[in-house]
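# Coordinates in review
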Amino acid sequence: MSRIVVLGGAESGVGAAVLAKVKGFDVFLSDYGTIKPEYAAMLDRWQIPYEQGGHTEEKILSAGEVVKSPGIPNSAPIVKKLDAAGIHVISEIEFAARYDSAKKICITGSNGKTTTTSLIYYLLQQAGLNVGLGGNIGKSYALQVATEKHDYYVLEISSFQLDGCFDFRPDIAIITNITPDHLDRYDYNMENYVRAKFRIIRNLSREDCFIFDSDDQITIEHLDRIVTQARMLPFSQENKLAQGAYLEGEKIVMKYKEDETEIYLKELALGGRHNVYNSMAAALAAKAAGISNSVIRDSLKSFQPIEHRLEPVLSVKDVLYINDSKATNVDAAWYALECQTRPVVWIVGGTDKGNDYSVLRELVKEKVKAIVCLGVDNAKIHEAFGDIVPTMVDTRSADDAVKQSAKLATAGDVVLLSPCCASFDLFTCYEDRGEKFKDAVRNL
């Protein structure tokens, strides 16, 4: 019986460990930190041996193969030792796909991937299909493969997960866009990050589809240098297309093979220019999956916004508080600011990932009346915007950030949490940051 070692004891790692157990492997899980009680309980329930608070090297280096959780960088000492020993390291996505015959719609990109993934999942559900949601959202893909049976999976896949994919092949692959993000994990080299994203299409066949933003310069520049057999389905707000989806006045025109349909912007549940792109990508994926135009149109009308992504929380004294905690890079924050029509008190900050804030300056000058920094080190934000925003304050908790914002906002304003940064300096994750923000708003 071959030995599988799983590194990381959270959603991804525990799901991979359960799948390895179900498939008859000798499996061991190791986490350098602390495993949450609910995950430890699952490992106990499945009788999977594990350790936490450190790595026992002899147990890990005895593996035939290692499944690494995406949060563990390749620079981690134990990963370097695995590489030196010639032990193959893969992601949960790669591992689970070996045992899954379902159709897979897979979404990556710098921004919009969670909304697009959620839209597609909703579209397939509304069409009555048996569909699972996983990857970087929802339940572990591997756990679902181990314990459930779906005909389709909609998977949000990060660049970190794609780094560990080799033979993985989606049926429909989507790149929403590519902008600088996570450069700290890619030696501050944009080309390394772009290559990681494009791993999603490396194994596509002639029967598969590749959906992409033809307005995105980085995507198109890289696409011009590679060859794929897949059916190409671009989407655009700038150009008319022979196949794919494009904007014509106040409607989306979608062309797939010989079929053409129209979706009016006023009918979309999600507003904002960025969500037009997300809706186009989702509609094309649904069309390629065989869903009818009427179901696509009705579903795009009735979809509800996802948590932590431009999520309205409450209006207090005619000030609207919006939770956009998932905006962990510059481009996501740009879209959040761009769609605001009221004066903005902007809550920004956290763990910087090599951000270039200069692209936000004109938008900030136009939209933002005050900045509330939420982070341990806010020097870079002060340097970027201190000369154009007259009022800037520093805070180190969601509660203080909300209280300071309430003092700065007047009736008719928006308080927008759109941090531009990762959350790990003050919070466990972006969800934790968003939840604490919402709690603080409710306690005003």
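Values in this document were obtained by computation on a predicted structure and should not be read as measured data.

Cut-offs and rules
Residues numbered from 1 in each chain as written. Predicted model: local features only at pLDDT ≥ 70, side-chain atom pairs only at ≥ 80, totals over all residues. Heavy atoms only, no water. Core = buried A, V, L, I, M, F, W, Y, C linked by side-chain atoms within 4.5 Å. Buried < 20%, exposed > 50% of the residue type's maximum accessible area, 1.4 Å probe, protein only. Contact = heavy atoms within 4.5 Å. Phe/Tyr/Trp six-rings, centres within 6.5 Å; stacked < 30°, edge-to-face > 60°. Helix = DSSP H or I, 4+ residues; strand = E, 2+ residues; numbered from the N terminus. Pairing = 2+ DSSP bridges. Axes fitted to C-alpha atoms, helices over the stretch in contact; angles between N-to-C directions. Salt bridge = Lys/Arg side-chain N within 4 Å of Asp/Glu carboxyl O.

Membership of the largest hydrophobic core comes to 49 residues, with the highest contact counts inside it found for V6, F95, Y141, F168, F198 and F210. Residues in contact with F168, not counting those within four places in the same chain, are I93, E94, A97, K104, C106, L155, I157 and N203. Counting 40 residues, the second largest nonpolar core, distinct from the first, contains L123, V276, M280 and A281.

Our next topic: the packing of aromatic side chains. All chains considered together, the criterion is met by ten aromatic pairs. Taking 5.6 Å as the distance between ring centres and 65 degrees as the angle between the ring planes, the aromatic pair formed by Y122 and F303 counts as edge-to-face. With Y122 in helix α6 (residues 113–126) and F303 in the loop between α12 (293–302) and β15 (311–316), this residue pair connects regions lying 181 residues apart in the sequence. Looking at Y122, the relative accessible area reads 17%, which means it is buried. Classification of F303 by relative accessible area gives buried; the value is 6%. Centre to centre, the rings of F210 and F212 are 5.0 Å apart; their planes meet at 25 degrees, and the pair counts as stacked. With respect to burial, F210 and F212 carry one shared label: buried. Joined through ring pairs, the aromatic side chains of F25, F95 and Y99 make up one cluster.

Here T219 shows up in helix α10 (residues 217–223). Since its relative accessible area comes to 0%, T219 is described here as buried.

Right, let's get into the sheet that holds strand β17 (residues 344–348). Taken together, the six strands give an open sheet; going across it, the order is β15-β16-β20-β17-β18-β19, and neighbouring strands pair in mixed fashion. What marks the edges here is a single partner per strand, and that holds for β15 and β19 (392–395). Ignoring which end each strand starts from, the neighbouring axes of this sheet average 20 degrees apart. Where β17 meets strand β18 (residues 368–374), five bridges bridge the pair, whose relative direction is parallel. What sits directly across from I347, in β18, is V372. This element, helix α16 (residues 398–408), spans β16 (319–323), β17, β18, β19 and β20 (414–417) of the sheet and lies at about 165 degrees to β18.

What follows is about the pattern of salt bridges. For the structure shown, the criterion picks out 25 salt bridges. Across the pair D399 and K403 runs a salt bridge whose closest N-O atoms are separated by 3.1 Å. Residue D399 and its partner K403 are both found in helix α16; the two are separated by four residues, about one turn of the helix. The class of D399 is partly exposed, set by a relative accessible area of 35%. Through salt bridges with shared partners, a single ionic network connects E191, R195 and R225.

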